[in-house]
Amino acid sequence: RDVLGSRGLGDVYKRQIKKDCRGGTSMSLKEYMELPYSMSIIPDTVEGGFTVIFPELPGCMTCGDTIEEAVEMAMDAKKCWLEDAIEMGKKIPLP
């Protein structure tokens, strides 16, 4: 039994991740968007505003004038990054 109980985090991921014939994952965009990817918010001390990156998703980054705008833009950037990766059949790293 999982130390977190019958519905532990490991069990959640096991149910979400389905192996395809190449050994990769075949999850929907919605399922990927719900995963807890790390988001780093970095203040731009020179020009102002904030840069946001997702360390697990190489090249996925954006910026905004306020933290709120940067986070909103980041969610859109993450969605676009994942859509492109799914469309191109690339392996998508899990958090």
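The structure this text deals with has already been given above.
Right, let's walk through the structure included here. On a predicted model such as this, the values are computed, not experimentally measured, just so you know.

Read from one edge to the other, the open sheet built from three strands follows the order β1-β2-β3, with strand pairing classed as antiparallel. The sheet is open, and its two edges are formed by β1 (40-43) and β3 (61-64), each paired on a single side. Neighbour-to-neighbour, the strand axes of this sheet turn through a mean angle of 25°, independent of strand direction. Where strand β2 (residues 50-53) meets β3, four bridges bridge the pair, whose relative direction is antiparallel. Bridge pairing in β3 links Ile-53 to Met-61. Contacting β1, β2 and β3, helix α3 (residues 67-88) crosses the sheet at an angle of about 155° to β3.

Turning our attention to the environment of Glu-83. By the secondary structure assignment, Glu-83 is in helix α3. Along the chain, Glu-83 and Tyr-32 lie 51 residues apart, while their C-alpha atoms are 9.7 Å from each other.

Take the pairing of β1 next. Where β1 and β2 come together, four bridges link them in antiparallel fashion. Within the sheet, the bridge partner assigned to Ser-40 lies in β2 and is Ile-53. Taken together, β1 and the strand that follows it, β2, pair antiparallel across an intervening segment of six residues, in which Gly-48 is found at a positive phi of about 85°.

Calculation rules
Residues numbered from 1 in each chain as written. Predicted model: local features only at pLDDT ≥ 70, side-chain atom pairs only at ≥ 80, totals over all residues. Heavy atoms only, no water. Pairing = 2+ DSSP bridges. Helix = DSSP H or I, 4+ residues; strand = E, 2+ residues; numbered from the N terminus. Axes fitted to C-alpha atoms, helices over the stretch in contact; angles between N-to-C directions. Contact = heavy atoms within 4.5 Å.

Function-wise, these values are silent; they only describe arrangement.
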